[in-house]
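Each chain, letter by letter, is given below.
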There are 4 protein chains.
Amino acid sequence: MCRWLAYSGSPVLLEEVLLKPDHSLIDQSLHSTMGAETTNGDGFGIGWYGDHETPGTFHSVEPAWSDRNLRDLAAHVRSPLVFAHIRATSGSPVQQTNCHPFRHGHWLWMHNGLIGDFTRVKRELVLAIDPELYPAIEGSTDSEVFFFLALTLGLEDDPPGAVERAVGLIEHVGRVHGVAHPIQMTVATSDGASVWAFRYSSEGKSRSLFYSTRVDTLRAQHPEVAVLQELSDESRLVVSEPLGDLVGAWNEVPESHYGVIEDGQDELLPFAPQAPG
Amino acid sequence: MCRWLAYSGSPVLLEEVLLKPDHSLIDQSLHSTMGAETTNGDGFGIGWYGDHETPGTFHSVEPAWSDRNLRDLAAHVRSPLVFAHIRATSGSPVQQTNCHPFRHGHWLWMHNGLIGDFTRVKRELVLAIDPELYPAIEGSTDSEVFFFLALTLGLEDDPPGAVERAVGLIEHVGRVHGVAHPIQMTVATSDGASVWAFRYSSEGKSRSLFYSTRVDTLRAQHPEVAVLQELSDESRLVVSEPLGDLVGAWNEVPESHYGVIEDGQDELLPFAPQAPG
Amino acid sequence: MCRWLAYSGSPVLLEEVLLKPDHSLIDQSLHSTMGAETTNGDGFGIGWYGDHETPGTFHSVEPAWSDRNLRDLAAHVRSPLVFAHIRATSGSPVQQTNCHPFRHGHWLWMHNGLIGDFTRVKRELVLAIDPELYPAIEGSTDSEVFFFLALTLGLEDDPPGAVERAVGLIEHVGRVHGVAHPIQMTVATSDGASVWAFRYSSEGKSRSLFYSTRVDTLRAQHPEVAVLQELSDESRLVVSEPLGDLVGAWNEVPESHYGVIEDGQDELLPFAPQAPG
Amino acid sequence: MCRWLAYSGSPVLLEEVLLKPDHSLIDQSLHSTMGAETTNGDGFGIGWYGDHETPGTFHSVEPAWSDRNLRDLAAHVRSPLVFAHIRATSGSPVQQTNCHPFRHGHWLWMHNGLIGDFTRVKRELVLAIDPELYPAIEGSTDSEVFFFLALTLGLEDDPPGAVERAVGLIEHVGRVHGVAHPIQMTVATSDGASVWAFRYSSEGKSRSLFYSTRVDTLRAQHPEVAVLQELSDESRLVVSEPLGDLVGAWNEVPESHYGVIEDGQDELLPFAPQAPG
């Protein structure tokens, strides 16, 4: 599968979240310990919000561990909201248009997992995408089809509801086609202000997902960790697997839940797919 | 647009048809004189038939003029039937899955031109593709959709008829959506035994297409040209623009015509799109 | 050969200087009108100074006209000092380590032109490079060897003198080896504060080089051009060929001269190679 | 480090040795069990001898496991002598010119291991390369410098002697510069007729190297294994780690030994570096 990371908080150089942690995402591209595959070398991508309404993205088919442009970009770009994704393909070609995060307008989307038996259900799912949105599909992955289904079903107005409806549709179509486990997912999406992170799978054995403890709490517990002094209280990471092993720093998102990271109180709520009416 | 070449005849090293001619296809990638664009640097591909029923393909996103693997491959692979294509994208991404020739089973397909206003008609055309074939689409080009329409409409049994029906459908859908000129095309396709080459456009101003004079005729006219001594009488090239300027060597395919190159007598026949019933 | 651009002035989004001008550098990658080649499709690179002392670089082997990451990067990165270079190789491989601008510490360097008969003189020139610097050479171009010779001969302390000594050495070694025209060059280099731009060739027929007229002058002449309102008086471009055709905007650097762009008065001075003692 | 394979024997489709074995080299690119690294994803290369005196090579910066061109090439190219190499860089950039096998004239060369502290000794080693050969160096790896040293010291006339002299020189230069373990290596080289495979390291703990048992012996032991019926008695594989686990099929090359595979009796002989006079 894949590994991903979402950061929201004080503006940081991308390298602070991508490269410098002990068990960084780049390190995970070679040595993932909790992923379905230990190597995530089938391209990668980053997305970040800056001055523009539209976030920037950088996609590469090279393994993240050897991409020299990534290191330079990460050392020079500063952002308060960063997505990063390293890919282990479940079959679709390694090409930039298949690299996450996907972007539509000011939305970003990334996914770890898969739509079960995708070649069997792909056509019916693509048909369910809004014809106005259809021409904007650029790649050939299940993850991008999932994103466009969520956009079709209201992502921009009601992200959790739209993802619940998209998952409900994927499960419905899958079951019609005899797919035992139609979806396996952790997903992150953002409009540049909030981040929503979902953990769910049809079989109830979802890929791992963790969120970091509030910075003010960590700072009180670990006054010796310098980087914590520089981050705002509300800075938060959501990750496929923990970066480093700071005691008390990581909390697992429970099965069938999603989190919302935004100004004010973050929330952790139950996630329930909504079958089509 | 693009430039392409199809060769059928005595087995030759690929470099004999790809690299050595004066105004070779590789030269045309930098300096096309008859193309809509002088530079065709958005990737390239070659296809060749060998021992296998399935032809080999090699696709690259690098410009053909600088690809070092192409030169080595061309110097070491020998084939009696070769397709080659250099791309100038009309908008879809530069990635291997968008490089011609496309392959399905033992069929190859390549296209110069475009489906007019493709984003407007893409969804309806994709819907017309056989659902069994649909999951085999790998890229995002108009040319590959065109190939899958032809496959859907009988390419494997009746290539000229299938292409006439596919073009009829594309013109019909285009006109329904208000597209003035729904298609512009030269196309080559092969099953490994015959080659079919088509020239057509909705506006009646098609991209150029040439076929070479029979080798026995050329040999009689040009006894001094060594390479002609080595080729079988029936060896034939079909090209977007002539390679070199050997007098008498090149003949233009007329507007709205197609040629068939095969064992026995080659043919040049009128092409007429067939609108859907 | 190649085309390049150097910008110094008010911080701008890279796209303002790279993509938006009428006859932008990206446009020149397909349609150069003053270059030795019309196509500059053998990779490209950009360098920019930001918060760090070390400038960022982004190198790609794709043609600049189709690189999607470049567009995103250019839309999101802001800098007061930008280098950009599009490459048409004179023989060395198309790979990131051969893309300009080259970087060493906080210095950037880019070159249009060539060292004549480079394979004949390369070893002797490489031997003249400081052994401490030698392991930092990453690619195989004449331009990078030229950069390391300039570093060896004092670039960091006296840029014009070091370039004059490096050119003197290249001419000396070339002539010893019977090379008629040992060097052809326009070069730009920067330490992040000043930009030096050189025009010279052994044969006295140097590649073109232009610098923009002072913004305050242009603004007075062209009150209707909006972008001029936003730039500081001292903002300046140096380019291989003019971007657009604003009357009075471009001035040719004379043969065997170099310019210095820095805080205060810019200067245009004669350039004379210094033969080794 | 890296993994490699050399095949000599009955002409085979490349896929027979590259892709079809249980624990194939491509499989090892993701899951090496005996390598210094489990992932060998920093590019790969193949070389093969055909009709030409000069062997063909194919180099790619993509991981071997996802390269689509490799699969097609391997299914269509047939050769009696094949080299293949998957790379895990010890620092030099991932680019085609750093991919093994390296070629010079009709010689191929590939290396697993490293020259210790290469940046410290590189300049002195490069200086020892024949100035006539120097301009033919294309990449920046220790392995290519090692190849050019062997060429300089007589590879084409006396391969084992030349490699012993090259290793002697590398050890001498390394020790002068205080390098504890100047070389770690398994190397294969060929002129298209014979293959020489070396195992050596300064510290006496060399990377693994295996050669296959003679086909006639294996065929007698395993009459049920179909592929053995098709191979000539003298067909032979030399590999970094065994492909599959056929009992009796694999024999370790002892420390400080090299093997010669050629028409007639193969040989296994001691290897002793020769210090410069």
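Scope of this entry: the structure provided in the associated data block. (Residues numbered from 1 in each chain as written. Chains lettered and ligands numbered in written order. Predicted model: local features only at pLDDT ≥ 70, side-chain atom pairs only at ≥ 80, totals over all residues. Heavy atoms only, no water.)

Considering the relation of the copies chain D and chain A
So, step 1. Rotating chain D by 180° and moving it 0.0 Å along the rotation axis overlays it on chain A with an RMSD of 0.0 Å. Taken together, these values place the two copies in the relation of a two-fold axis. For chain D, the minimum C-alpha distance to the rotation axis belongs to D:Glu62 and amounts to 3.3 Å.
So, step 2. Mapped onto chain A, 100% of the interface residues of chain D are again interface residues, and the two copies thus contact each other with one and the same surface. (Least-squares fit on C-alpha atoms with pLDDT ≥ 70 in both. Contact = heavy atoms within 4.5 Å.)

Describing the interface of chain C and chain A
So, step 1. Facing the 24 residues of chain C at the interface are 24 residues of chain A.
So, step 2. Here chain C meets chain A over a buried area of about 1,800 Å², counting both sides, of which 40% is carbon and sulfur.
So, step 3. Seen at the junction of chain C and chain A, the total is six salt bridges.
So, step 4. The residue A:Asp72 makes a salt bridge to C:Arg103 at a minimum N-O spacing of 2.6 Å.
So, step 5. Applying the counting criterion to the chain C and chain A interface returns 15 residue pairs in polar contact (both at pLDDT 80 or more).
So, step 6. Taken together, the elements giving at least two residues each to the side of chain C that touches chain A come down to strand 3 (56-60) and helix 3 (68-76) of chain C.
So, step 7. By residue class, the composition of the side of chain C that touches chain A is seven nonpolar, nine polar and eight charged. (Buried area = accessible area lost by both parts, 1.4 Å probe. Salt bridge = Lys/Arg side-chain N within 4 Å of Asp/Glu carboxyl O. Polar contact = N/O pair within 3.5 Å; in protein donor to acceptor, adjacent residues only side chain to side chain. Helix = DSSP H or I, 4+ residues; strand = E, 2+ residues; numbered from the N terminus. Nonpolar A, V, L, I, M, F, W, Y, C, P; charged D, E, K, R; others polar.)

Here we look at the interface of chain D and chain A
Accessible area lost on assembly of the parts is the figure often given for the size of an interface.
So, step 1. Listed as interface residues are twelve residues of chain D and, on the opposing side, twelve residues of chain A.
So, step 2. Between chain D and chain A, a total of about 900 Å² is buried, with carbon and sulfur atoms accounting for 55% of that surface.
So, step 3. When the buried area of chain D at its contact with chain A is split by residue, D:Thr39, D:Trp65 and D:Arg68 rank highest and sum to 32% of it.
So, step 4. Summed over the shared surface of chain D and chain A, the number is zero salt bridges.

Some thoughts on the side chain of A:Ser194
Residues and elements named next belong to chain A.
So, step 1. Tracing the backbone shows Ser194 in the loop between strand 7 (183-190) and strand 8 (195-201).
So, step 2. Classification of Ser194 as buried rests on a relative accessible area of 9%.
So, step 3. For Ser194, the side chain forms a polar contact with the side chain of Glu262, separated by 3.0 Å.
So, step 4. Apart from the residues within four sequence positions on either side, Ser194 is in contact with Thr189, Ile261 and Glu262. (Buried < 20%, exposed > 50% of the residue type's maximum accessible area, 1.4 Å probe, protein only.)

Some thoughts on the packing of aromatic side chains
So, step 1. Enumeration according to the criterion identifies 34 aromatic pairs over all chains in this entry.
So, step 2. Judged by centre distance (5.3 Å) and plane angle (15°), the ring pair of A:Trp109 and A:Phe147 falls under stacked. One end of the pair, A:Trp109, is in strand 6 (residues 107-115); the other, A:Phe147, is in helix 5 (residues 142-152), and 38 residues separate them in sequence. Residue A:Trp109 shares its accessibility class with A:Phe147, and that shared class is buried.
So, step 3. These aromatic residues form a ring-pair network of at least three members: A:Phe44, A:Phe58, C:Phe44 and C:Phe58. (Phe/Tyr/Trp six-rings, centres within 6.5 Å; stacked < 30°, edge-to-face > 60°.)

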